[in-house]
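Chain and residue survey
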Amino acid sequence: MKDIIKDLIKKSLDKIDKDNGISIENIEVGLCKDKRFGDFSSNIAMKFSTRFESNPKKFAENIIKEMQNNENILKIEIAGPGFINFFTSKDTKFAVIEKILKEKHLYGSNCLGSNSKVLIEFVSANPTGPLHVGHGRGAVFGDCISSLLKENGYNVTKEYYINDAGKQIDILTISVLRRYHELIDSNKVFSYEDLYKGEYIWDISADIHRNFNLEFYIKNLENYNNNSIDELIHNIKNNLSIERFNKIKEISVNFILKDIKKTLKLSGIKFDSWFSESLLLKNNSLDLILNYLNENSHTYKKDDALWFKSKDSGDEKDRVLIKENNDHTYLSTDIAYHYNKINRDYSKIINIWGADHHGYMDRIKAAFDIFAQKKSKLIILLVQFANLYRGTEKISMSTRSGEFVTLEQLIKEVGKDATRFFYLTRKSDQHMDFDIELAKSNNNNNPVYYIQYAHARICSIFKQAQENKMHYKYDNKYLSLLTEESELNIIKKLSYYPDVIISSTEKYEPHLLTNYMRELAQEIHSYYNKYQILIADDKLRNARLALIEAAKHVFKNSSKVIGIGMPEKM
RNA sequence: GCGCCUGUAGCUCAUUUGGAUAGAGCAUCGGAUUUCUAAUCCGAGGGUGGUAGGUUCGAAUCCUACCAGGCGCACCA
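Everything numeric in this text was worked out from a predicted model, so none of it was measured. (Residues numbered from 1 in each chain as written. Chains lettered and ligands numbered in written order. Predicted model: local features only at pLDDT ≥ 70, side-chain atom pairs only at ≥ 80, totals over all residues. Heavy atoms only, no water.)

Glancing now at the protein's contact with RNA strand B. Near RNA strand B lie 65 residues; those nearest to it are Lys 33, Arg 36, Lys 323, Tyr 450 and Tyr 453. Protein-proximal atoms of RNA strand B, defined as those within 4 Å of the protein, fall in sugar or phosphate at a share of 61%. The side chain of Asn 85 places a nitrogen or oxygen atom 2.9 Å from a base nitrogen of RNA strand B. Contact distances for RNA strand B include 3.2 Å between a phosphate oxygen and a side-chain N or O atom of Gln 522. The element best represented in the surface near RNA strand B is helix H20 (residues 511–530), accounting for nine residues. (Near = heavy atom within 4 Å. Polar contact = N/O pair within 3.5 Å; in protein donor to acceptor, adjacent residues only side chain to side chain. Helix = DSSP H or I, 4+ residues; strand = E, 2+ residues; numbered from the N terminus.)

Have a look at this one:
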C-alpha cells in the first residue's frame, strides 16, 4: 500500500514538473499514529515546497489536484502544516486478513536478503568458566538477529569463536592444577592471586584426579614463588612437560565447553559452527596473515615486538601483534580469524560484542579493510551490560572470583521464554536492569505471559467453537461486517507486522518486535473483553474468527523469531 | 585527560531514523466476571524530554557547550 501511494505521489509530481528531480526513494510515506489523520501520510509537500517556490499547503493542494484516482483510496486530506493524509477503503484494509490466512507461517517474511550469505558471530565467551547472565544478553540478541535475518531471506551461519589458545587458558589450566594438588594433599595449599576460583574448577580437578590419579602431580608446587603470572606459567609448563600441560588444558576446555553448550541449548540457541582459535595456529593462518602484513609494510619492529600500523587506518594508536616474549596477541589470531571469515565469501560479517570491547573495534576494522578489500562488509554490534537485580538488590559479578549468577541458574529460575523476552525488550545499546523477581512473576507484571495468554485465549475460542458445533468457515465476503473500532485497530496492527520485521532487522533492534507483540496482545485482550466472538450470527462470527485466526498466525510467527513458545492453553 | 554509550512520568522503558496533542508497563487510586480462561479489561492522576544555546516549516531526535552516570583507553582476552 505504501508503495502504491508513493507511486501516486511520484506520478503527480511528474505532472507538475517533468524535471522535479525527486526519486521514489525520496518520497516518505508513513503510517499514522492517530486515525483522525487517516491511514497513511506523507510529508512530501513540506519537504520539497521550497524547491517548487511554493508554501507547503499550496504545494500539497497541487499534488492532490494532479493525483490519479485509485480504488484503494477513499479520501485525501491536507492537515497541519502540510501533511497529505490518505484514507484507505475498507476493502483495502480487509485484504490483509485474506493475505495472512493465505500466507500463514510465511506472513511477515520477505526476500530482501535474496539468499545472500551472512556470518553472525556471537557469545564467543572464553572457555574459562560457565556462561553468566552478562553473556546471556548478547547470546539471545545474536540469536534473534539471526532469526530476523533469516526472516528477511538471508542465508545465515551462526558461529561461536572459541578462544582456546591464549594466556587466559593457561591461567585456567593452572587454576585447575592448583585445585588438583589441594585434592591430593589438603595441607599443601598453593596460593596465587590471579587464578580462577569458581566452584567448577573443583569439579574439573576432581575429574582429573579420579581419572589420572597422580600423573600430573608436581612436588613442592606450594613453594613456587613467582613474581609474574607469565613466569609461573613458564615454570609449570617446564616442570610438567608441555604435553602433560596441554592434556590438562584440553580436559579443562572441553569440560567447560560442554557446560557452555548445555546452557546454550537450555536458552534455545543452536550454533551452526564452532570455530577454534587453536586451529588458526595449527593451519598456519597466523603466519600467513603476518607475512602478508609484513610484506605490505603494515608492520614494524619496536622493543623486540612486532607492531601493526593500525593508526594508519583510523585506530588511535598502533597495536602489538607479536609480543617481546614471542607469543601472539589476541589481536593477531583475531585478524587471522577474520581473514578466514572473509575467505568464506560472506556478503555481511556480523560480530556481536560486549560494550566493553568498543575500544577494540577500530583495530579489527583496520585489519579487516586490508584483507576484505570491500568484498564483504563488517558490522560490529555492541551490546551493553545487563545489571542483575533481585527486587531492589543489585547482584554483582566477577568471573575470576567465581561470584556470579550463571545463565543456567537464571533460566532454571525464570524459564527460557521469560529470560529471552526480557533480554530483548530493551535496545541493545541501552544499559538494562534485569530484575529476576519481575521476570519470574506469574502475573500481569510479566509481558511474556500477557502475550502468551492472548494467544491461548484465541486457541481457546476455537476449541469452544468446535465443542459448541459452531463450525468455522472462512469466507472473505463477510469480512466487511467487521466494523467495530477494536476490529479495525487489530486489522491495522496486523497489517504492519511485515514492516516491523523489516525495521527490526535493518536497525538490528529486536525490541521493536517485542513491543509490537505486546501492543497486539493488548488489542486482542481489549477486544476479547468487549465483544463476544462466538455469537449466533454465523456470518459475523466467522468474520470475527477469521480476524483472530489472523492474529494467531502473527503471534506464532513473531514468537518464532523471538524464540519463545506460544502455548495453546495456560 | 581522551574516546564510545546513555540521560524522557515515582520506577523500568518506548516514541516507526526530523513530524501532528511525547506513549506503554509497573507502582498509586477508582471501577468491571449469571456471557468464549480475571495471568484479563475500563477509567483517573502523574512530564520545563539532564541544562543552555543553535540549525528549520517543525527537535526528545541533528549540531555546539556544560552537568550527571556507565564502559573503554595493555606486549589481557
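Resuming the write-up.
Our next topic: the environment of Ser 146. Residue position: Ser 146 is located in helix H5 (residues 133–151). Overall, Ser 146 belongs to the buried group, its relative accessible area being 0%. Linking Ser 146 and Val 118, residues 28 residues apart in sequence, is a C-alpha distance of 9.0 Å. Setting aside its immediate chain neighbours within four residues, Ser 146 contacts Ile 120, Phe 122, Val 156 and Lys 158. (Buried < 20%, exposed > 50% of the residue type's maximum accessible area, 1.4 Å probe, protein only. Contact = heavy atoms within 4.5 Å.)

For the second largest pocket, the calculated volume is near 1,600 Å³. Lining of the second largest pocket is provided by 46 residues; of these, Leu 31, Phe 40, Ser 495, Tyr 496 and Asp 499 occupy positions nearest its centre. Looking at the lining of the second largest pocket element by element, the count peaks at seven residues for helix H18 (residues 485–495). Split by residue class, the lining of the second largest pocket holds 19 nonpolar, 11 polar and 16 charged. Residues from two domains meet in the lining of the second largest pocket; each of domain 1 (2–88) and domain 2 (96–111 + 444–562) gives at least three. (1 Å grid on protein atoms, 1.4 Å probe; cavity = no way out; pocket = protein on both sides within 12 Å on 5 of 7 lines; lining within 4 Å. Points joined across faces, edges and corners; volume = space filled by probe spheres on them. Nonpolar A, V, L, I, M, F, W, Y, C, P; charged D, E, K, R; others polar. Domains from an automatic or database assignment.)

Inspection of every chain in the model, using the stated rule, returns 23 salt bridges. With a shortest N-O distance of 2.8 Å, Glu 121 and Lys 341 are connected by a salt bridge. Here Glu 121 is found in strand S5 (residues 117–121), whereas its partner Lys 341 is found in helix H12 (residues 330–343), with 220 residues between them in sequence. One salt bridge connects Asp 170 with Lys 249, and the closest N-O pair in it is separated by 3.4 Å. Taken as a pair, Asp 170 in helix H6 (residues 167–184) and Lys 249 in helix H9 (residues 242–266) lie far apart in primary sequence, 79 residues in all. A single network of salt bridges, built from pairs that share partners, joins Asp 143, Lys 158 and Arg 420. (Salt bridge = Lys/Arg side-chain N within 4 Å of Asp/Glu carboxyl O.)

Residues Ala 305 and Trp 307 of strand S9 (residues 305–308) are buried on one face, and the alternating residues Leu 306 and Phe 308, pointing to the opposite face, are buried as well. Counted along the chain from strand S8 (residues 299–302) to the antiparallel partner S9, the turn is two residues long, and its residue Asp 303 has a positive phi close to 50 degrees. Sheet topology note: the S9/strand S10 (residues 319–322) ladder contains three bridges and is antiparallel. Paired with Phe 308 across the strands is Arg 319, a residue of S10. (Pairing = 2+ DSSP bridges.)

With that settled, consider empty space enclosed by the protein. Unoccupied space between atoms shows up once a probe the size of one water molecule is rolled over them. Counting across every chain of the model gives two cavities of 30 Å³ or more. Approximately 40 Å³ is the volume found for the largest cavity. What lines the largest cavity is simply Phe 141, Tyr 423, Leu 424, Arg 426, Lys 427, Ser 428, Tyr 508, Glu 509, Pro 510 and His 511. Across the lining of the largest cavity, the residue classes tally to five nonpolar, two polar and three charged. Every residue along the wall of the second largest cavity is listed here: His 181, Asp 185, Lys 188, Tyr 217, Ile 218, Leu 221 and Glu 222.

All chains considered together, the criterion is met by 19 aromatic pairs. Their ring planes at 35 degrees and their centres at 4.7 Å tell us that Phe 122 and Phe 271 sit as a pair that is tilted. Within this pair, whereas Phe 122 is found in the loop between S5 and H5, its partner Phe 271 is found in the loop between H9 and strand S7 (273–276), the two being separated by 149 residues in sequence. Given the relative accessible area of 7%, Phe 271 is considered buried. On the numbers, 4.8 Å between centres and 40 degrees between planes, the contact of Phe 275 with Tyr 337 is tilted. (Phe/Tyr/Trp six-rings, centres within 6.5 Å; stacked < 30°, edge-to-face > 60°.)

This part covers helix H8 (residues 229–240). A turn of α-helix holds 3.6 residues, and therefore any two residues three or four places apart point the same way. Look at H8: 16 Å from first C-alpha to last across 12 residues, which is about the 16 Å you get at 1.5 Å a residue. Turning to H8, its buried residues are Ile 229, Leu 232, Ile 233, Ile 236 and Leu 240. Down the axis of H8, the buried set is contained in an arc of 100 degrees. They therefore lie on one face. Just past H8, the residue Ser 241 takes up positive phi, approximately 80 degrees. (Expected span 1.5 Å × (residues − 1). Arc of directions from axis to C-beta.)

Turning our eyes to something else, we now look at unusual backbone geometry. One non-glycine residue, Asn 115, lies in the positive phi region at around 60 degrees. With respect to the helices and strands, the residue Asn 115 is situated in the loop between helix H4 (90–103) and S5. Its identity as a non-glycine residue notwithstanding, Ser 124 has a phi of 40 degrees, on the positive side. Checked against the element boundaries, Ser 124 lands in the loop between S5 and H5. Residue class for Ser 124 comes out buried when judged on its relative accessible area of 13%.

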